[in-house]
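Here is what each chain is made of, one letter per residue.
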Amino acid sequence: MMQSSVSISLRLYGLLLLLLFAAEEGRAQQTAEMSVMADSLVSAENFVPDSQPRGVVGVSIGVNGGYVLPHNSVVANLLTGSRYATIAHACVTWRANAVAASDDDAMYGLPRFEGGLLVSDFTYAPLHRQEGSPVIPYASPLYPFPSSMGQMITPYGAMERPLASGNRFEVGYRMEQGVGVATTPYNPIKNPENELIGGRFSILVGLGFYADVKASPHWTLGAQANFHHYSNGRTSEPNIGVNPLDVGLRAVYTFRADTAWRRPFAWMKKRREGRVDYHKHFYGDFAASWLPRVILPEWNYCWYKLPATDPRYRTGTFHRHHCATFNAALMYSYSPKFASGVGMEYMYAPIADDIFYWETLQGRPNIKLQSPHGLSVVAHHETRYKNLAAHVSFGYYIFHDPFYSGDTRTPFFETAGVRYYLPVADHRVFIGYNIRAHAITADAFQFSLGYALGR
């Protein structure tokens, strides 16, 4: 009897082992199948059926309330009343399909791209200098009414990158670039106190944060907070610039369900592999840039020194000068997204004689006739997405700042802008533009052509 009971127990034990083995074998087979599927999705040649498009297209509208920042004493003196602004946008959006995302899209967490129209309305922030201000002795014919910044009509593009997300929410940051067209720029007779927007065209630079909630498979509702900056980069004067800080609401409608809210195992694997499996390397970065600009001393003289009876008193028309820079840097690409390096910059700015002339007319002390040549050491950083790159640099003049004739300005400068790597020479030739600034005050726009040797 005991022998029979032991026999039955052994059989049951064997059957249990058999079942466990079969379960483990099935699980291993399932894991292998998932790995194969993930590898196929991660590979460069993804097979995407017609029902899974590469991206999801949508439309977005939004309205923000803003506050114009008095970023210096002149702006504070002009914005004596309301500083309210309204900023609205309407755009087309595109976002990569989570299943078929490229390596670049996956590494950035499936960013959303926008292209459309942004309208900044500053009519509720009139410009009227305080009574008794000694800054500018106005002639009575030029001081009949408050001036206005009007509206800035701006075709723009933007990129939004998620920082954290779940099934129903997402938060991240956004970057914007655009070209603004002013409806009422500075005019010495009709709009004499609009010293913030001096020319018809300005560059828009925006940076902000957003928070979205998924209301349905096609609708997303969200809030955003942005800092915007409009400047003409000293291509004309006046060029104080306008800086609204704004917050508001938006709605996004996608024509297909936005799959970015459902990130599969393959997407995580792709993102991880994009960071690990990368060949780090050095390469040479060479660029030549053109810098058109007017000079500040001429503007100061015409605005602050000339009598009101002079034809050039408070004029908005100035001679535009042309300068050039040549950069060479050794860059280290340490991930698919980032590269950093250091190099040298030579500047040729044939404006020294003009700066000396206008500064002398104003009777400023310690003015010297400077050299048109400048030499700087520059640190660079680049953040890439496919053929686009955001490029910033910080420089130090080791020999002369050609843009300045005095002895009180610090020898530091910074640049920030965008590059596009052309589909030639293995994507090593690039074009781009950036804003060159000193202590966040624009010195000039730079338009560049360059080559990345060994990139």
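Summary of the structure given here. These figures come from a predicted structure and were not determined experimentally. Position labels on residues start from 1 in each chain and follow its written sequence. Only residues with pLDDT of at least 70 are given local features in this predicted model, and only at 80 or more are side-chain atom pairs given and counted; all residues enter the totals for whole chains, interfaces and linings. As a rule here, side-chain values cover all heavy atoms of the structure and leave hydrogens and water aside.

1. Topic: helix H5 (residues 296-304)
- For every residue, the accessible area obtained with a 1.4 Å probe (protein chains only) is divided by the maximum for its type, and the residue is called buried under 20%, exposed over 50%, and partly exposed between those limits. Secondary structure follows DSSP: runs of H or I at least 4 residues long count as helices, runs of E at least 2 residues long count as strands, and numbering of each begins at the N terminus. Most of H5 sits out of view: seven of its nine residues are buried.
- Taken together, the buried residues of H5 touch helix H6 (352-361). Two residues qualify as a contact provided that any one of their heavy atoms is within 4.5 Å of a heavy atom in the partner residue.

2. Focus on the sheet that holds strand S6 (residues 201-214)
- Each pair of strands is called paired provided DSSP finds at least two bridges between the two strands. What the eight strands build is a closed barrel, ordered S1-S2-S3-S4-S5-S6-S7-S8; its pairing is antiparallel. For this sheet, the mean angle separating the axes of adjacent strands, direction not counted, is 25 degrees. A fitted line through C-alpha atoms serves as each axis, taken over the contacting stretch for helices, and the angle formed by two N-to-C directions is quoted from 0 to 180°.

3. What about the packing of aromatic side chains?
- When the centres of two rings from Phe, Tyr and Trp lie within 6.5 Å, Trp using its six-membered ring, the rings pair. Their planes under 30 degrees apart give stacked, over 60 give edge-to-face, and anything left gives tilted. Counted under the stated rule, the structure contains 18 aromatic pairs.
- Within the aromatic cluster, the residues linked to one another by ring pairs are Trp94, Tyr108, Phe113 and Tyr385.
- Put simply, a charge is over a ring when the Lys NZ or the Arg CZ is close to the ring centre, within 6 Å, and near the line of the ring normal, within 35 degrees. The cationic tip of Lys337 hangs over the ring face of Tyr108; the distance from NZ or CZ to the ring centre is 5.0 Å.
- Here the basic side chain of Arg436 rests over the ring of Phe413, its NZ or CZ set 4.0 Å away from the ring centre.

4. Observations regarding unusual backbone geometry
- Of note, the bond from Glu237 into Pro238 is cis; its omega dihedral lies within 30 degrees of zero at 0 degrees.
- Within the secondary structure, Pro238 is located in the loop between strand S7 (219-231) and strand S8 (244-254).
- If you check the backbone angles, Arg234 has positive phi at about 60 degrees while not being a glycine.
- By secondary structure assignment, the location of Arg234 is in the loop between S7 and S8.
- Not every positive phi belongs to a glycine, and His427 is a case in point at roughly 60 degrees.
- Residue position: His427 is located in the loop between strand S14 (412-421) and strand S15 (429-438).

5. Things to note about the packing of H5 against H6
- Direction vectors running N to C along H5 and H6 enclose 25 degrees, while the axes themselves pass 8 Å from each other. Viewed along their axes, H5 and H6 adopt a mutual orientation that is roughly parallel. Considering the relative orientation of H5 and H6, their crossing is left-handed. Here Pro297, Glu298 and Tyr301 of H5 lie close against H6, whose contacting residues are Ile355, Trp358, Glu359 and Leu361.
- Asp, Glu, Lys and Arg are counted as charged, while Ala, Val, Leu, Ile, Met, Phe, Trp, Tyr, Cys and Pro are counted as nonpolar; the rest, among them Gly, fall into the polar class. By residue class, the composition of the contact of H5 with H6 is five nonpolar, no polar and two charged. Angles below 35 degrees are treated as roughly parallel, those above 145 as roughly antiparallel, those between 65 and 115 as roughly perpendicular, and all remaining angles as oblique. Left-handed is the label given to a crossing in which the near helix is rotated counterclockwise from the far helix by less than a right angle, and right-handed is the label when the rotation is clockwise.

6. Side note on the pairing of S7
- Pairing analysis gives 12 bridges linking S6 to S7, with the strands arranged antiparallel. In the sheet register, Tyr210 faces S7, and the bridge partner there is Gln224.
- Between the end of S6 and the start of S7, which pair antiparallel, lie four residues.
- Direction of pairing for S7 relative to S8: antiparallel, over a ladder of nine bridges. Looking at the pairing, Phe227 lines up with Leu245 of S8.

7. Thoughts on the pattern of salt bridges
- One side-chain nitrogen of Lys or Arg within 4 Å of one carboxyl oxygen of Asp or Glu is enough to make a salt bridge. A full pass over the atoms with the stated rule returns 17 salt bridges.
- Glu176 is the salt-bridge partner of Arg174, the closest N and O atoms lying 2.5 Å from each other.
- Across the salt bridge formed by Arg419 and Asp285, the nearest N and O atoms sit 2.7 Å from each other. Taken together, the residues Arg419 in strand S14 and Asp285 in strand S9 (residues 281-293) connect sequence positions 134 residues apart.
- Note on Asp285: relative accessible area 3%, which makes it buried.
- What emerges from the salt-bridge pattern is a single network uniting Arg112, Glu114, Glu160, Arg174, Glu176, Asp212 and Arg250.

8. Describing a nonpolar patch on the surface
- Judged by side-chain polarity, Phe326, Val342, Met344, Tyr346, Tyr348, Leu375, Val377, Tyr396, Ile398, Phe399 and Phe412 come together as a nonpolar surface patch covering roughly 970 Å² of accessible area.
- When residues of the nonpolar patch are traced back to their parent elements, those giving at least two are strand S11 (338-348), strand S12 (373-385) and strand S13 (388-399).
- Counting residues per element, the nonpolar patch draws most heavily on S11, which supplies four residues.
- You can see Tyr346 is positioned in strand S11.
- A relative accessible area of 31% means that Tyr346 is categorised as partly exposed. Two joining distances apply to patches: 9 Å for like charges and 5 Å for nonpolar side chains (Val, Leu, Ile, Met, Phe, Trp, Tyr), and every residue must have over 30% relative accessible area and no salt bridge. With residues, only the protein chains shown are counted as cover, and all accessible areas are computed by Shrake-Rupley using a 1.4 Å probe.

9. Focus on the environment of Gly178
- Counting through the fold element by element, Gly178 comes out in strand S5 (residues 169-182).
- Among the residues examined, Gly178 registers a relative accessible area of 7% and is labelled buried.
- With 26 residues separating them in the primary sequence, Gly178 and Leu204 have C-alpha atoms 4.8 Å apart.
- Setting aside anything within four residues of it in sequence, one finds Gly178 in contact with Thr154, Pro155, Tyr156, Ser202, Ile203 and Leu204.

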